[in-house]
Each structure stands twice: as C-alpha cells, then as structure tokens.
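Coordinate analysis (summary)
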Amino acid sequence: MKTIVILTGAGISAESGLDTFRDAGGIWTRYPLEDVATPEGFARDPDLVQGFYNARRAKAAAARPNPAHVALGLLQRDWPGDVVIVTQNVDGLHEAGGADRVIHMHGELSRALCSACGHRWDAPENMAADEPCPQCRGSARPDIVWFGEMPYHMDRIEKALMRADLFAAIGTSGQVWPAAGFVQNARAVGAHTVEINLEPSEVTSEFAESRLGPASETVPVWVA
Ligand SMILES: CC(C)NC(=O)[C@H](Cc1c[nH]c2ccccc12)NC(=O)[C@H](CCCC/N=C(/NCCC(=O)O)S[C@H]1O[C@H](COP(=O)(O)OP(=O)(O)OC[C@H]2O[C@@H](n3cnc4c(N)ncnc43)[C@H](O)[C@@H]2O)[C@@H](O)[C@H]1O)NC(=O)OCc1ccccc1
Ligand SMILES: [Zn+2]
C-alpha cells in the first residue's frame, strides 16, 4: 500500500493563532534568531531565551488544532498504507488534531532537555534561566533544535522519504535546511510531490503540483 510522507511548517498552525517566522510580523522579524534560537544565544543570555520560549509555550498550550490538523489526523487513522507526518513545528497541534505518529524534527515546546546529561522531561510552564536538571542538577534548556544543531530523527525521516510514493509539504517557506531539501529526496525515488501553501515557497519549482490557499481550506480538500 502507498506510503505518504507529509512535511509541515508554521503555516499549518497560523490559523490556530500561532505566529509564523518569516511572514509580515513573523517571529524572526521581532526576535533576531541569532539571539533566541542558537546555542550561542542561549549561552549569552539564557534569561532572554527561556523567556522567549516560555511565552511561546503558553501560547501553544492555549491554541486549538484547526481543520488542517484534524484532516491529517483522520488521514493517518484511515489511510490503509503508512502516513508519516514530519513537522518543523514545536507546538503539539498535530497530536491535538488526532495524529498519533508525529516526528518533531525541531523538537517540542512541551519538553525540556539537560545540556549536561541529555535527560528529557516535561517542561514546566515557565523555565528559569538556571532551570536545574532533576537528574543531575545540570542546566536545562528547551528541547528545541536551534540553528547549527543537528535536527532530530534524521535517520527515520530519510528512511521514510526513501519509500515515499507521495510527498506533501504544507505551510512551509522552504528556507530552512535540511527540511527544504526533502522534496528532492522524494523526487529521487519517483514520489509524486505536492506543495500546499498560502503562496509559492522558495522551492515551489521542485514540486510537481502546487495548491495555494489557507491550509484550513486546502488540506481537508486535498485529503478528501
Ligand atoms: C536560515 C537558513 C538559511 N539556515 C539553515 O537552513 C540552517 C543551515 C544553514 C546555515 N547556513 C546556511 C546557508 C545555506 C543553507 C543552509 C544553511 N539550518 C540549520 O541550522 C539546521 C537546523 C535548523 C532548525 C532551526 N530551528 C527551527 N525551529 C526551532 C526553533 C523554534 O521554533 O524556535 S527552524 C524554524 O524555521 C523554519 C522555517 O519556518 P516555516 O515553518 O517554513 O515558517 P515560515 O514562517 O518560514 O513560513 C511559513 C509558510 O507558511 C505559509 N503560510 C502562512 N499562513 C498560512 C496558512 N494559513 N495556510 C497555509 N500556508 C500558510 C507562508 O506563505 C510561508 O510560506 C522551520 O524549520 C522552523 O522550525 N541544522 C543543520 O543544518 O545542522 C547541520 C545538518 C545538516 C544536514 C543534516 C544534518 C545536520
Ligand atoms: Zn542532567
């Protein structure tokens, strides 16, 4: 039975009230990513970084899944073959929308990570600049992949792309790697490729098909 691999980005959560990064008023237009989303920025000012993620954690916790998340949850439940959802998003809206197998390649706001021993646990609502690791008292950070760091689960993602029959990218601008390159991996194994986005992305030309519009409208139609 056919394997579907779906990559999602901030655009799929925009209609749930969560900011995207590069659109007008986007996160990176308000916070320099070097300061809040790099290990160097965290070393320089952990208070600033923890504050940045505490605010996003609270917003994500209050957000509700939209029809795009729900449609993908139903697709994963009902499709006779395998539906692999790979998200760049750090919110939990795919799971809230009914998906139970989601690969968070850039981490999750709801998790904390110890920089010393690698222990992971459910993040408290507000992490302090000197948040201790419950296991070794080392310093804790949000369990988020920052720029310059290796994304999570790359082996599982590459294996899924190798057996993809259909690859879809939803709500992503295609400006951040290695995620922006997944369409090439999928095409290399002969998968059909479709981009579903509000507007053409940096890598639209790589896709065989492009569907434009808000995800809450385009995704349920695409799934149906
Ligand atoms: C800026 C970019 C050039 N930099 C990179 O790509 C770097 C590598 C790099 C450095 N210099 C380079 C020079 C050239 C090429 C690459 C590089 N990448 C890395 O550092 C990565 C790590 C990157 C991860 C950083 N962390 C994130 N997030 C977690 C943090 C946090 O969340 O705070 S990245 C973050 O931005 C990325 C982009 O965001 P999008 O989700 O696409 O959102 P964006 O706002 O950009 O776009 C929204 C889209 O939605 C659309 N939209 C809006 N509303 C809707 C709507 N309603 N419906 C539908 N669509 C909609 C819009 O039209 C738009 O197109 C996402 O990945 C997101 O997770 N690590 C790595 O490379 O390690 C080595 C390596 C390499 C290979 C293999 C292994 C290891
Ligand atoms: Zn520890």
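The shown structure was predicted, so the numbers you read here are calculated from the model rather than taken from an experiment.

On a plain count of helices and strands, the protein comes out with 9 helices and 9 strands. The principal-axis extents of the C-alpha atoms in the protein amount to approximately 50 × 35 × 30 Å. With 224 residues in all, the protein has 51% of them scored as buried. Sequence separation of at least 24 residues holds for 63% of the intrachain contacts in the protein that already meet a minimum separation of 6.

Our next topic: the side chain of His 94. Note that His 94 resides in helix α6 (residues 93-96). For His 94, a relative accessible area of 1% translates into the label buried. Ignoring anything within four residues of it in the chain, the contact list for His 94 reads Thr 8, Ile 12, His 69, Leu 72, Ile 85, Thr 87, Ala 99 and Val 102.

A word on the site of ligand 1. Around ligand 1, the structure places 35 residues, and the nearest of them are Phe 21, Arg 56, Gln 88, Thr 172 and Ser 173. Between Glu 15 and ligand 1, the recorded distance is 3.0 Å, taken from a side-chain N or O atom to a nitrogen atom. The contact in question runs from an oxygen atom of ligand 1 to an N or O atom on the side chain of Ser 173, over 2.6 Å. Against a free-state accessible area of 1500 Å², the protein chains account for coverage of 77% of ligand 1.

As a further point, take the UniProt feature "binding site: substrate" (unreviewed entry) in the protein. The feature "binding site: substrate" (unreviewed entry), as annotated in UniProt, sits at Tyr 53 and Arg 56 in this numbering. In this fold, Tyr 53 is placed in helix α4 (residues 46-62). Discounting chain neighbours no more than four positions away, the residues touching Tyr 53 are Val 36, Ala 37, Leu 109, Pro 142, Ile 144 and Trp 146. Among the structural elements, Arg 56 can be located in helix α4. Setting aside anything within four residues of it in sequence, one finds Arg 56 in contact with Phe 21, Ile 27, Val 90 and Leu 109.

For the zinc ion (ligand 2), every protein donor is listed as Cys 114 (SG), Cys 117 (SG), Cys 133 (SG) and Cys 136 (SG), and the spread of their distances is 2.2 to 2.4 Å. Bound by 4 donor atoms, the zinc ion (ligand 2) shows angles of 103 to 115 degrees at the metal and therefore tetrahedral coordination geometry. For the zinc ion (ligand 2), the donor residues sit on a single chain with the sequence spacing C-x2-C-x15-C-x2-C. Its relative accessible area of 38% is what places Cys 117 among the partly exposed residues.

Procedures and definitions
All residue numbers refer to positions counted from 1 along the written sequence of the respective chain. All chains are assigned letters beginning at A, and all ligands numbers beginning at 1, according to the order in which they are written. Reporting in this predicted model follows two pLDDT cut-offs: at least 70 for local features of residues, and 80 or more for side-chain atom pairs to be given and counted; totals over whole chains, interfaces and linings ignore these cut-offs and use all residues. Only hydrogens and water are removed before side-chain values are computed, so all heavy atoms of the structure are retained for them. The numbering of helices and of strands both runs from the N terminus, where a helix is a DSSP run of H or I of at least 4 residues and a strand a run of E of at least 2. For every residue, the accessible area (1.4 Å probe, protein chains only) is compared with the maximum for its type, and the residue is labelled buried under 20%, exposed over 50%, or partly exposed between those bounds. Pairs of residues are marked as contacts when any of their non-hydrogen atoms sit within 4.5 Å. Nearness here has a simple test: a residue counts as near a molecule or strand if at least one of its heavy atoms is within 4 Å of that partner. For this analysis, a polar contact is any N or O atom pair within 3.5 Å, provided that within protein one partner can donate a hydrogen and the other can accept it, and provided that sequence-adjacent residues contribute only side-chain to side-chain pairs. Accessible areas in this description were obtained via Shrake-Rupley with a 1.4 Å probe; residue shielding takes into account the shown protein chains only. UniProt positions are given in the numbering used here, feature names are shortened, and annotations may be inferred rather than shown by experiment. A donor here means any N, O or S atom no more than 2.8 Å from the metal (3.2 Å for Na, K and Ca); water is not included, so a site may seem to lack partners. Key to geometry: four donors with every angle between 85 and 135 degrees are tetrahedral; four donors are square planar and six octahedral where opposite donors lie over 155 degrees apart and all remaining angles lie between 65 and 115; all other sites are irregular.

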